[in-house]
Amino acid sequence: MLDVVAINGSPRAERSQTAQVLAPFIAGMTEAGAGVELLYASRLKVKECTCGTMHCWYGKPGECCVRDDMQSLYPRLAGADLLVLATPVYVPLPGGMQNILNRLCPLMDPRLETREGRTRARFREHVRIRRLALVATGGWWEKENMGTVVRIAEELAADVSVAFAGAVLRPHAYLMWSEGELTAEGRTVHEAVRQAGRDLVRTGSMAPENLAAIARPLITQEALLQQYNAMRDAVADR
Ligand SMILES: Cc1cc2nc3c(=O)[nH]c(=O)nc-3n(C[C@H](O)[C@H](O)[C@H](O)COP(=O)(O)O)c2cc1C
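In short, a report on the structure. (Residues numbered from 1 in each chain as written. Predicted model: local features only at pLDDT ≥ 70, side-chain atom pairs only at ≥ 80, totals over all residues.)

1. Re the site of the ligand
Part 1 of the argument: Neighbouring the ligand are 15 residues, the closest being Ser16, Thr18, Pro88, Gly138 and Gly139.
Part 2 of the argument: Residue classes in the shell around the ligand are distributed as six nonpolar, eight polar and one charged. (Near = placed C-beta within 6 Å. Nonpolar A, V, L, I, M, F, W, Y, C, P; charged D, E, K, R; others polar.)

2. Brief notes about the environment of Tyr74
Part 1 of the argument: Following the sequence through the fold, Tyr74 ends up in helix H3 (residues 70-78).
Part 2 of the argument: Residue classification places Tyr74 among the partly exposed residues on the basis of 19 C-beta atoms within 10 Å.
Part 3 of the argument: For Tyr74 and Val127, which are 53 residues apart along the polypeptide, the C-alpha to C-alpha distance reads 9.3 Å.
Part 4 of the argument: Once you skip the residues sitting within four places of it in the chain, Tyr74 turns out to touch Pro106 and Leu107. (Helix = DSSP H or I, 4+ residues; strand = E, 2+ residues; numbered from the N terminus. Buried ≥ 20, exposed ≤ 12 C-beta atoms within 10 Å, placed from the backbone. Contact = placed C-beta atoms within 7 Å.)

3. Re the pairing of strand S1 (residues 3-8)
On any regular strand, side chains alternate: one points to one face of the sheet, the next to the other face.
Part 1 of the argument: For S1, the buried fraction is high: five of the six residues fall into the buried class.
Part 2 of the argument: Relative to strand S2 (residues 35-40), S1 is paired through six bridges, and the arrangement is parallel. When the bridges of S2 are listed, Asn8 appears paired with Tyr40.
Part 3 of the argument: Where the polypeptide runs from S1 across helix H1 (residues 17-31) and back to S2, its parallel neighbour, the crossover connection is right-handed.
Part 4 of the argument: Across five bridges, the pairing between S1 and strand S3 (residues 82-88) is parallel. In the strand pairing of S3, Asn8 is matched with Ala86. (Pairing = 2+ DSSP bridges. Right-handed = clockwise from strand over helix to strand, strands pointing away.)

4. Looking at helix H8 (residues 221-236)
Part 1 of the argument: Taking 1.5 Å of rise per residue, the 16 residues of H8 would be expected to cover 22 Å, and the 22 Å separating its terminal C-alpha atoms lies within 8% of that figure.
Part 2 of the argument: Of all 16 residues that make up H8, zero are buried, and the element is exposed over most of its length. (Expected span 1.5 Å × (residues − 1).)

This is the structure in structure tokens:
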């Protein structure tokens with residue numbers, strides 16, 4: 001069985017748009033036979049890297065000198081085959097998610113090598129993770145504004161020498177909902193996300209046309225700007 005650890009980085013945890021997109025993704029992965037552990041960054045006490053000296057590389061290899069929930073997270077991460085990072089775009093990441101990513105250093109083997117002109121490491125031998133996938137939600141219209149978050153996930157995968165399995169992107173995610181219910185389009189997106197989860201477990205990748213369907217516009221760019229600016233004006237007029 002493929003073991004997956006999924007981390008939801010939204011401070012809004014279960015109530016988040018990210019959770020609403022991650023849920024069908026996890027359902028699809030589970031249907032395809034994966035075992036999925038879901039963690040919420042906001043429920044974990046994970047401090048920033050306060051040592052800043054690469055102690056986990058050149059002091060006590062593999063040991064983080066910051067003591068918090070990361071200590072129990074390290075073995076769970078090391079035992080996963082696939083890591084799913086799920087996050088809202090916060091220009092670029094919410095702090096809790098960023099802290100977890102920074103604190104992955106102890107799982108990395110500091111033997112560096114050059115690949116395609118870039119300095120890269122690998123996960124340590126006991127770390128099973130072979131793939132990393134991203135689920136991201138944003139408020140703005142275009143999926144391109146999620147590019148920095150995609151880049152972070154791609155860079156992280158390359159830094160630890162695992163495959164980047166792709167990004168499930170849902171811009172203006174809140175428009176999948178109306179009066180607390182999924183819209184017809186929202187249901188279609190959910191089904192496509194579920195399919196992406198199944199595909200990822202069965203084939204190790206996700207079909208580009210399905211990812212494009214998940215990210216497709218639910219409104220025109222102009223109409224979305226009008227919605228945001230109407231909210232802005234309503235507050236300004238108070
Ligand atoms: C601090 C902050 C910064 C944000 N920056 C962006 C942004 O640059 N681009 C974007 O599309 N959405 C941005 N958003 C909107 C959120 O990404 C969007 O509402 C997201 O779906 C919220 O997800 P959540 O409910 O999972 O937290 C920002 C929200 C916050 C709170």
